[in-house]
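# An overview of the molecular structure
Each chain, letter by letter, is given below.
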Amino acid sequence: MNILFLVYHGFSDVSGISKKIHYQVKGLRENGHEVHLCYYDFDQRGHRCRYIDNQVIRDYGTGNLAALRQRLDYDCIYDYCELNGIQFVYSRCFMNADPILIHFFRRLRGIGIKTVMEIPTYPYDQEFIQSSWDIKLKLKIDQLFRNKLAKEMTAIVTFSSEEQIFGQRTIRISNGVDFDSIPLHQYHPSTDGAIHLIGVAEVHIWHGYDRLIAGLGEYYQNTPNPRQVYFHIVGGVHPVERYQANAFHPGMQAIIDKYGIQDKIIFHGQLFGDALDDVFNQSCFAIGSLARHRSGITVIKTLKNREYATRGIPFIYSEQDSDFDKQPYVIKALPDESPIDVPQILDFIDQHHFQPEEIRRTVQHLSWKIQMQKVLDEA
């Protein structure tokens, strides 16, 4: 099948979303399909450009007029699809539903091209409650037009359990993994007996890392002669999340300062390659999302859970995820605002010894090759 994979932004070497998209494209190609990647980015001169397979198909120039033109112009993509025999368009929701985009997908449908739209998280409205006014305006426009956009699709791709979204039927898949890119966990216990926990994320309020920090604080405050436990946070942490109070907690740093555990929480920033592997191999347990309920989500198949399992490290999370809810190597935290029970994690670590290969085998069916073919089979 001749497929166009459509995204409305560019890529970054440090972005997990960017990596996911490239793995999805790889998965489609592994199934024997011809896949062309369409995206929007700036060239070396600062021109706004639409690309397909790294070739410019439309140069919009610079300035405010160029920014407007790229928002209104999908003709170049339509022309490419028609001239190159594209049979299927896989697009990623960018909260950008509007009459122009609706018209574009209606034209594709009119020439017999199947189209699906992936909604990475659903529902997503509550994720933007604390956003700036311009983001809220963008969301409001999306809310006005997303049902009409969905009607032009063959189906909606979701990682939730919803059978219908915005009035359109869904294709329910799991977030996948690329086994070639994730090494097996090689745990190196600390010589002093300390326990190291790791959480990898671009931290948002729904990750709930504040709950684990509070749990560590309670553990040290209430445990005579405690074992040394450290929490390594790998990834970007916005200053607002770390230092400012919100509706759910007083700020991560305020919790750290309250309990005096400054030396127990290590902010690494973004790490890659060997540097990331080193922190993983120092750690024996991983931290998934602990507060998806804050954004109104109870059922979701997060990418991070799958990456942890592929690496072969046990982990904790609080949402409902049917791929892992009954696995012996996970702890299910309560989906509330209570501090995480750190002694429970320590008991789990002491009582269970899983081989990384054993954990990885449980997610073989979650390869992007299998998940992306499921989309095509059900479209």
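Heads up: these notes are all about the structure in this document. In this text, all values refer to a predicted model and were calculated from it rather than measured experimentally. (Residues numbered from 1 in each chain as written. Predicted model: local features only at pLDDT ≥ 70, side-chain atom pairs only at ≥ 80, totals over all residues. Heavy atoms only, no water.)

Let's shift gears to the nonpolar core. In this structure, Leu197 and Phe231 are the most contacted members of the largest nonpolar core, which totals 54 residues. With seven residues, helix α6 (residues 209-222) is the largest single contributor of residues to this core. When neighbours within four sequence positions are excluded, Phe231 is seen to be in contact with Leu197, Ile198, Gly199, Tyr209, Leu212, Ile213, Leu216, Lys264, Ile265, Ile266 and Ile287. (Core = buried A, V, L, I, M, F, W, Y, C linked by side-chain atoms within 4.5 Å. Buried < 20%, exposed > 50% of the residue type's maximum accessible area, 1.4 Å probe, protein only. Helix = DSSP H or I, 4+ residues; strand = E, 2+ residues; numbered from the N terminus. Contact = heavy atoms within 4.5 Å.)

Quick look at the layout of surface pockets now. Each pocket or cavity is described by its volume, and for the second largest pocket that value is around 360 Å³. Looking at the second largest pocket, it is lined by 18 residues, and the ones nearest its centre are Tyr187, Cys284, His352, His353 and Phe354. Top contributing element to the lining of the second largest pocket by residue count: helix α11 (residues 342-351), with three residues. When its residues are assigned to classes, the lining of the second largest pocket shows ten nonpolar, six polar and two charged. (1 Å grid on protein atoms, 1.4 Å probe; cavity = no way out; pocket = protein on both sides within 12 Å on 5 of 7 lines; lining within 4 Å. Points joined across faces, edges and corners; volume = space filled by probe spheres on them. Nonpolar A, V, L, I, M, F, W, Y, C, P; charged D, E, K, R; others polar.)

Across the sheet, which stays open at both edges, the nine strands sit in the order β4-β3-β2-β1-β5-β6-β7-β9-β8 with mixed pairing between neighbours. Looking at strand neighbours, the two that pair on one side only are β4 (55-61) and β8 (164-165), the edges of this open sheet. On the sheet, helix α2 (residues 63-72) packs against β2 (34-42), β3 (48-52) and β4 and is oriented at approximately 130° with respect to β4. (Pairing = 2+ DSSP bridges. Axes fitted to C-alpha atoms, helices over the stretch in contact; angles between N-to-C directions.)

For the rest of this paragraph, the subject is the sheet that holds strand β15 (residues 330-332). Strand pairs in the sheet, formed through backbone hydrogen bonds, run parallel or antiparallel to each other. If you walk across this open sheet you meet the six strands as β12-β11-β10-β13-β14-β15, and the pairing is parallel. Either end of the sheet is taken by a strand with one partner, and the two such strands are β12 (265-269) and β15. Averaged over all pairs of adjacent strands, the angle between their axes in this sheet comes to 25°, without regard to strand direction. Pairing analysis gives three bridges linking strand β14 (residues 315-317) to β15, with the strands arranged parallel.

It is worth spelling out the pairing of strand β10 (residues 195-200) at this point. Burial analysis of β10 places six of its six residues in the buried class, the great majority of the element. Side-chain alternation along β10 places Ile195, Leu197 and Gly199 on one buried face and His196, Ile198 and Val200 on a second face that is also buried. Two strands pair when backbone bridges link them, and β10 and strand β11 (residues 229-234) are joined in this way by six bridges, in the parallel orientation. Bridging from a neighbouring strand, His196 pairs with Tyr230 of β11. Across two bridges, β10 lies against strand β13 (residues 285-287) in parallel orientation. The residue of β13 that forms the bridge with Ile198 is Ala286.

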